[in-house]
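Examination of the molecular architecture
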Amino acid sequence: MTDEKPPKLVIRNLRKTFGEVIALADVSLDLIEGEFLTILGPSGSGKSTLLWAIAGLNNPDSGEIWIDGKEATYLPPFKRDIGMVFQNYALFPHMTIFENIAFPLQMRKKDSATVRLAVKNVLDLVRLPDIGHRYPFELSGGQQQRIALARAFVYNPSIILMDEPLGALDKKLRDFLQLEIKHLHQQLGITVLYVTHDQEEAMVMSDRICLMNGGQIEQIGTSEDLYFRPASVFAADFLGESNLIDAKVKEISDDSILLERPDGLIISAISTSILEIGEEVKFMMRPETVSILPDGDTRENVVQGIIKEAVITGSATKLFVGLPDGETVLSTQLTRGPVSNYEIGRKVKLGWDKDLTVALKMNHKETKFPQGG
């Protein structure tokens, strides 16, 4: 379509092995101009291997990498017009902040007046206008990371790659810089490929998320797609908290699927994949979509259970409700009082909507990872 932006980066069937270990298995991906795409996954999923191949720091065994319509699969890094931001900042300790930021411009033979103006503008952009004379060791970790960002932005590269850039910072500073980077991206319209294992970070910052697992792409979509419409048990389990419960497909219609639990309970759901009658599946609903129903209230899916445990995590209270067959359902409520409001052993009725219940194909190769692994 004529109004669609062209891809800045095109990856086709990229493969990389280290001995017998397959780090990338025929990965294909498009990055659109001006997009913020995050590669998310646990350790060993292939996300950093993919980023380094794009940067030219790790040649693939096969496949193709195209940048701005030109093949770059085996080009050296300095010919790819790519900016890099690392977790460890990678600032030159013997150079001032001005010299650090000016370095990529000077390497490109820019005149001194152009360099001075560009450095001033980018320091204003990252809201550190008066520190050009300082050295990296005189700055905090958050300030150093903003200078690393400034150095990547200053020469307006075609794509900026970020490899876990906030991983070494404390949570409060990380949360602040997530929004800073997001706002810089929106302000400049730059194209960003970002790597992280932090699910919340990916969801806060990204236009789209590419979830990787075992060297392959598990799912690509918006934060909302991956959160409410996961394509696999792995995607549902890795991104956020989820209830994953066994069932069998009982009926299939155009807009819904009926599932049957071992205890005979019927659940209405939707599906992101093709299922068959009698097939064993897991259905997923997010804990915050599961409500304790007052008398007279109902939903498309309702179960009876007993409160086993209540835990306050701050603004949210987690209720662990045991079903008659021993299954436990997690329901997350806004904290409105002490946990003593939820008496252990009390019978409750839980309800949730069909459209927020996803039937997922069983895949016995799926691996359950701890959150943020």
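To be clear, the structure that these remarks concern was listed above.
Here we summarise the structure given alongside this text.

When its secondary structure is counted, the chain shows 8 helices and 20 strands. By principal-axis analysis of the C-alpha atoms, the chain measures approximately 75 × 50 × 45 Å. Burial statistics for the chain: of 373 residues in total, 48% are counted as buried. Put simply, of all contacts in the chain between residues at least 6 apart along the chain, 67% involve residues at least 24 apart. On the chain, roughly 18100 Å² of surface is accessible, and the fraction owed to carbon and sulfur atoms is 52%. Seen as two clouds, the 40 positive and the 51 negative side-chain charges of the chain have centres 5 Å apart.

Next up on the list: unusual backbone geometry. Residue asparagine 13 is not a glycine yet carries a positive backbone phi of 55 degrees. Mapping asparagine 13 onto the fold places it in strand E1 (residues 7-18). Looking at asparagine 13, the relative accessible area reads 45%, which means it is partly exposed. With a phi close to 60 degrees, arginine 127 is a non-glycine residue in the positive phi region.

Moving on, we get to the pattern of salt bridges. Summed over the entire model, instances satisfying the criterion amount to 12 salt bridges. With its nearest N and O atoms 2.8 Å apart, the salt bridge here joins aspartate 30 to arginine 12. One end of the pair, aspartate 30, is in strand E2 (residues 21-32); the other, arginine 12, is in strand E1, with 18 residues separating them in the sequence. The class of arginine 12 is partly exposed, set by a relative accessible area of 33%. A salt bridge links lysine 282 to aspartate 246, with the shortest nitrogen-to-oxygen separation between them at 2.8 Å. Linking lysine 282 in strand E14 (residues 280-285) with aspartate 246 in strand E11 (residues 243-252), this pair joins segments that are 36 residues apart in sequence.

Here the structure, examined in full by the defined rule, presents 5 aromatic pairs. Aromatic side chains tyrosine 227 and phenylalanine 228 sit 5.0 Å apart centroid to centroid with 90 degrees between the ring planes, which places their arrangement in the edge-to-face category. For tyrosine 227, a relative accessible area of 13% corresponds to the buried category. Taking the relative accessible area as the measure of exposure, phenylalanine 228 reaches 29% and is therefore partly exposed. Arranged with centres 5.7 Å apart and planes meeting at 10 degrees, the rings of phenylalanine 234 and phenylalanine 238 form a pair that is stacked. Taken together, the residues span about one helical turn, with phenylalanine 234 and phenylalanine 238 both in helix H8 (residues 233-238) at a distance of 4 residues. If you follow arginine 108 out to its NZ or CZ, it ends over the ring of tyrosine 155, 3.9 Å from the centre. Taking the ring centre of phenylalanine 92 as reference, the NZ or CZ of arginine 151 above it sits at 5.5 Å.

Ranked by size, the top nonpolar core spans 37 residues in total, and within it Ile101, Ile147, Phe153, Met162, Ile181 and Tyr194 carry the most contacts. Elements with a contribution of two residues or more to this core: helix H2 (97-107), helix H3 (112-125), helix H4 (141-153), strand E7 (159-163), helix H5 (171-188) and strand E8 (192-196). The contact partners of isoleucine 147, leaving out residues within four places of it in the chain, are Leu91, Ile97, Ile101, Leu123, Leu128, Ile131 and Leu139.

Sheet architecture is open: 5 strands sit in the order E15-E19-E16-E17-E18, paired in antiparallel fashion. The sheet is open, and its two edges are formed by strand E15 (291-292) and strand E18 (328-334), each paired on a single side.

Here we come to the sheet that holds strand E20 (residues 358-361). Strand order in the closed barrel made by the 5 strands is E11-E12-E13-E20-E14, with mixed pairing throughout. Within the sheet, the average angular offset between the axes of one strand and its neighbour, ignoring direction, is 55 degrees. Bridging between strand E12 (residues 257-260) and strand E13 (residues 266-271) involves 4 bridges; their strand directions are antiparallel. Looking across to E13, one finds that leucine 259 is bridged to isoleucine 267.

Its place among the elements puts threonine 289 in the loop between E14 and E15. The class for threonine 289 is buried, based on a relative accessible area of 12%. For threonine 289, the side chain forms a polar contact with the main-chain oxygen of arginine 286, separated by 2.7 Å.

On to the environment of leucine 105, then. Relative to the elements of secondary structure, leucine 105 occurs in helix H2. We classify leucine 105 as buried; its relative accessible area is 5%. Measuring from C-alpha to C-alpha, the distance between leucine 105 and alanine 118 comes to 8.7 Å, with 13 residues separating the pair along the chain.

We now examine the environment of threonine 49. Its location among the elements puts threonine 49 in helix H1 (residues 47-55). Once the C-alpha coordinates of threonine 49 and arginine 15 are considered, the two residues, 34 residues apart in sequence, prove to be 10.0 Å apart. With near-sequence residues (within four places) excluded, threonine 49 lies in contact with Lys16, Phe18, Ala23, Leu24 and Asn58.

Thresholds, definitions, all that
Residues numbered from 1 in each chain as written. Predicted model: local features only at pLDDT ≥ 70, side-chain atom pairs only at ≥ 80, totals over all residues. Heavy atoms only, no water. Helix = DSSP H or I, 4+ residues; strand = E, 2+ residues; numbered from the N terminus. Buried < 20%, exposed > 50% of the residue type's maximum accessible area, 1.4 Å probe, protein only. Contact = heavy atoms within 4.5 Å. Areas by Shrake-Rupley, 256 points an atom, 1.4 Å probe, with all protein chains shown as cover. Lys, Arg positive; Asp, Glu negative; His and termini not counted. Charge placed at Lys NZ, Arg CZ, Asp CG, Glu CD. Salt bridge = Lys/Arg side-chain N within 4 Å of Asp/Glu carboxyl O. Phe/Tyr/Trp six-rings, centres within 6.5 Å; stacked < 30°, edge-to-face > 60°. Lys NZ or Arg CZ within 6 Å of the ring centre and 35° of its normal. Core = buried A, V, L, I, M, F, W, Y, C linked by side-chain atoms within 4.5 Å. Pairing = 2+ DSSP bridges. Axes fitted to C-alpha atoms, helices over the stretch in contact; angles between N-to-C directions. Polar contact = N/O pair within 3.5 Å; in protein donor to acceptor, adjacent residues only side chain to side chain.

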